[in-house]
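# Descriptive analysis of the structure
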Amino acid sequence: MCLTVYTHVDTITSMFKTRGQHTFSLMKFVRYNHGAGPAWGIKTDTAIHALADLPGGEPSYQDLTNRRYLDWLQDAVRNDTLSQVDADEVSLLAPVPRPPKIVCAGLNYHDHAEEQDEEVPDVPLLFAKAPTTVTNPNSPIVHPRDEQVDYEVELAVVIGRTATDLNEAEVSDYVAGYTILNDVSGRSAQFSDGQFFRGKSYDTFSPMGPTLVTGMNFDPNAVDVSLRVDGKTKQSSNTEEFIFDVPELVSYISANMTLQPGDVVSTGTPGGVGIFRDPVDLLEPGQICEAEIEGIGTLTNPVVAE
Ligand code: MG
C-alpha cells in the first residue's frame, strides 16, 4: 500500500518538475485573511492559491484525508486555474481556530524525559488544553501577571475523520495534516494544581500554524523541531527522538476516546524548555518566540504583558 502511494507521489512530482511548473514535494494548506474574512489556500513558493474558487467550495478537514481530492487540487494549482494572492499580503490564521478538543502528550521525547530525570513512560501521559487557547501566527502570547510562562514547540496532528480504536497502520488515513503548536504553559498554575489543565489553558496559550502540511512526502517521525527566543535557540531536536511516534500515539488515544475532524493531537516537546534550564529561563513580555518544524515553517509570536 505504502509503496503504491509513494510511487504515485513521485510520478506527480517528477511530472511537475518536467513541466517546470509548481512542484509538490510538500502540500501546504494555509488558512488566511486577505481582508474579506477567513479563507483557505494552498501555498506554493510563489503564491497562495485561493480554494474559495473551487466548484465545491473550500475543503473540510475530512476532504484532506481523500487522496483523489488532493490529486485534483494539485491539478488545479498546477494549471493555475485558481486565483492567486501574494503570500506577503495576507495574515495567516491558525489552521484549526477552535478544535473540538486538544489532546497533548506530556512526556514524549527521550531528551525531555532526561532533563527532568523522569523514567521513560510505558504508555503516553495525556492531558488536555482548552480549545479557546488557540491563537494565530504573529498574534501575541498574553503573559498573565505573576505567572511563570514557558514555551514548548510541538508537532501537532490534525485529525480529518472520526476515529475510534485505530490500529497503528490505519492512523495516516485519518490525518488531515500536520502543523506546529506552541504548548505555552503557565508553570505556577501547573505545579501548584498538581495537574495540567489550568496552567495550559490561559487564552492565547496555543499559537498554531503557519501551515497545515498533508502526509504526502512528509514523515512526521523524522523532522527537525526547534524553538528560538529573541533569535537564541532554546530547543533543537528531531521527532526521531519520540518515545511514542505518531501512529502509536494516535492509536493509543483513539482506543480511549473518539477523535473527531478538527481534533488536534499535540505530540509533546523536546528538551530545553525554560523551567528545566539552569538557570530558569522563562518567557517575558517583549520577547519574540519562534517555533520551527522542518517542512511546516516558522510560527512566530510576540509575548506581551497582560
Ligand atoms: Mg507540551
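Residues numbered from 1 in each chain as written. Predicted model: local features only at pLDDT ≥ 70, side-chain atom pairs only at ≥ 80, totals over all residues. Heavy atoms only, no water.

Moving on, we get to the sheet that holds strand E18 (residues 288-293). Strand order in the open sheet made by the 5 strands is E9-E19-E18-E15-E16, with mixed pairing throughout. Looking along the sheet, the strands with just one partner apiece sit at the ends: strand E9 (141-143) and strand E16 (232-238). In this sheet, neighbouring strand axes are inclined to one another by 20 degrees on average, regardless of whether the strands run parallel or antiparallel. Of the pairings in the sheet, the one linking strand E15 (residues 224-229) to E18 comprises 5 bridges and is antiparallel in character. Along E18, the bridge assignment pairs Leu227 with Ala291. (Pairing = 2+ DSSP bridges. Helix = DSSP H or I, 4+ residues; strand = E, 2+ residues; numbered from the N terminus. Axes fitted to C-alpha atoms, helices over the stretch in contact; angles between N-to-C directions.)

On the surface, Glu114, Asp219, Asp224, Glu240, Glu241 and Glu294 cluster together into a patch of negative charge. Structurally, Glu294 can be placed in the loop between E18 and strand E19 (297-305). Accessibility expressed as a relative area gives 39% for Glu294, which makes it partly exposed. (Patch = residues over 30% accessible without salt bridge, like charges linked within 9 Å, V, L, I, M, F, W, Y side chains within 5 Å. Areas by Shrake-Rupley, 256 points an atom, 1.4 Å probe, with all protein chains shown as cover. Salt bridge = Lys/Arg side-chain N within 4 Å of Asp/Glu carboxyl O. Lys, Arg positive; Asp, Glu negative; His and termini not counted. Charge placed at Lys NZ, Arg CZ, Asp CG, Glu CD. Buried < 20%, exposed > 50% of the residue type's maximum accessible area, 1.4 Å probe, protein only.)

Moving on: helix H6 (residues 246-256). Looking at H6, one finds that the buried residues are Val246, Leu249, Val250, Ser251, Ile253 and Ser254. Against strand E6 (102-105), strand E7 (126-129), strand E11 (153-159), strand E12 (175-182) and strand E17 (264-266) lie the buried residues of H6. (Contact = heavy atoms within 4.5 Å.)

Only one face of E18 is covered, namely the one carrying Cys289, Ala291 and Ile293; the face carrying Ile288, Glu290 and Glu292 has none of its residues buried. Here 6 bridges tie E18 to E19, and the two strands are oriented antiparallel to one another. Across the sheet, Ile288 pairs through a bridge with Pro302, a residue of E19. Where E18 folds back on E19, the antiparallel hairpin that results is connected by 3 residues, among which Gly295 adopts a positive phi of roughly 90 degrees.

Moving on, we get to the pattern of salt bridges. On inspection of all chains with the given rule, the structure shows 14 salt bridges. Here Glu306 and Arg145 are joined by a salt bridge, their closest N and O atoms 3.8 Å apart. On the criterion of sequence distance, the pair formed by Glu306 in the segment after E19 and Arg145 in the loop between E9 and strand E10 (149-150) is long-range, its members being 161 residues apart. Arg145 shares its class with Glu306; the two are exposed. For the salt bridge of Arg228 with Glu292, the shortest nitrogen-to-oxygen distance reads 2.9 Å. Taken together, the positions of Arg228 in strand E15 and Glu292 in strand E18 put the pair 64 residues apart, joining distant regions of the chain.

Glancing now at the pairing of E19. Note that E9 and E19 share 3 bridges and pair parallel. In the sheet register, His143 faces E19, and the bridge partner there is Ala305.

Next up on the list: the coordination of the magnesium ion. Every protein donor of the magnesium ion is accounted for by Glu152 (OE), Glu154 (OE) and Asp183 (OD), and the metal-donor separations fall at 1.9 to 2.1 Å. Between the donor residues of the magnesium ion, the gaps in sequence give the motif E-x1-E-x28-D. In this pair, Glu154 is assigned in strand E11 and Asp183 in the loop between E12 and strand E13 (185-186), connecting sequence segments 29 residues apart. The exposure classification of Glu154 matches that of Asp183, with both residues buried. (Donors = N, O, S within 2.8 Å, 3.2 Å for Na, K, Ca; no water.)

For the rest of this paragraph, the subject is the packing of aromatic side chains. Counted according to the given criterion, the structure contains 6 aromatic pairs. Measuring from centroid to centroid gives 5.7 Å for Tyr69 and Trp72, while their planes differ by 45 degrees, and the two rings are tilted. Residue Tyr69 and its partner Trp72 are both found in helix H2 (residues 67-78); the two are separated by 3 residues, about one turn of the helix. Residue class for Tyr69 comes out buried when judged on its relative accessible area of 14%. Stacked on the ring of Tyr174, the Lys or Arg Arg161 has its end atom at 4.3 Å from the ring centre. (Phe/Tyr/Trp six-rings, centres within 6.5 Å; stacked < 30°, edge-to-face > 60°. Lys NZ or Arg CZ within 6 Å of the ring centre and 35° of its normal.)

Quick look at the domain arrangement of the protein chain now. Looking at the assigned domains, one finds that the protein chain contains domain 1 (9-93) and domain 2 (102-305). Relative placement of domain 1 and domain 2: their C-alpha centres are 26 Å apart. Each partner contributes to the interface: domain 1 provides 20 residues, whereas domain 2 provides 21 residues. Across the domain 1/domain 2 interface, buried area totals approximately 1600 Å², and carbon plus sulfur atoms make up 64% of it. Where domain 1 touches domain 2, the interface holds 0 salt bridges. For the pair domain 1 and domain 2, the interface holds 5 residue pairs in polar contact (both at pLDDT 80 or more). If you list the elements that add at least two residues to the side of domain 1 that touches domain 2, you get helix H1 (2-19), strand E1 (28-33), strand E2 (38-43), H2 and strand E5 (91-93). Here the side of domain 1 that touches domain 2 is composed, by residue class, of 12 nonpolar, 5 polar and 3 charged. (Domains from an automatic or database assignment. Buried area = accessible area lost by both parts, 1.4 Å probe. Polar contact = N/O pair within 3.5 Å; in protein donor to acceptor, adjacent residues only side chain to side chain. Nonpolar A, V, L, I, M, F, W, Y, C, P; charged D, E, K, R; others polar.)

With that settled, the discussion passes to the environment of Arg277. Among the secondary structure elements, Arg277 is positioned in the loop between E17 and E18. Given a relative accessible area of 28%, Arg277 falls into the partly exposed group. Sequence-wise, Arg277 and Pro121 are 156 residues apart; in three dimensions their C-alpha atoms are separated by 22 Å. Residue contacts for Arg277: discarding those within four places in its chain leaves Tyr151, Lys234 and Gly272.

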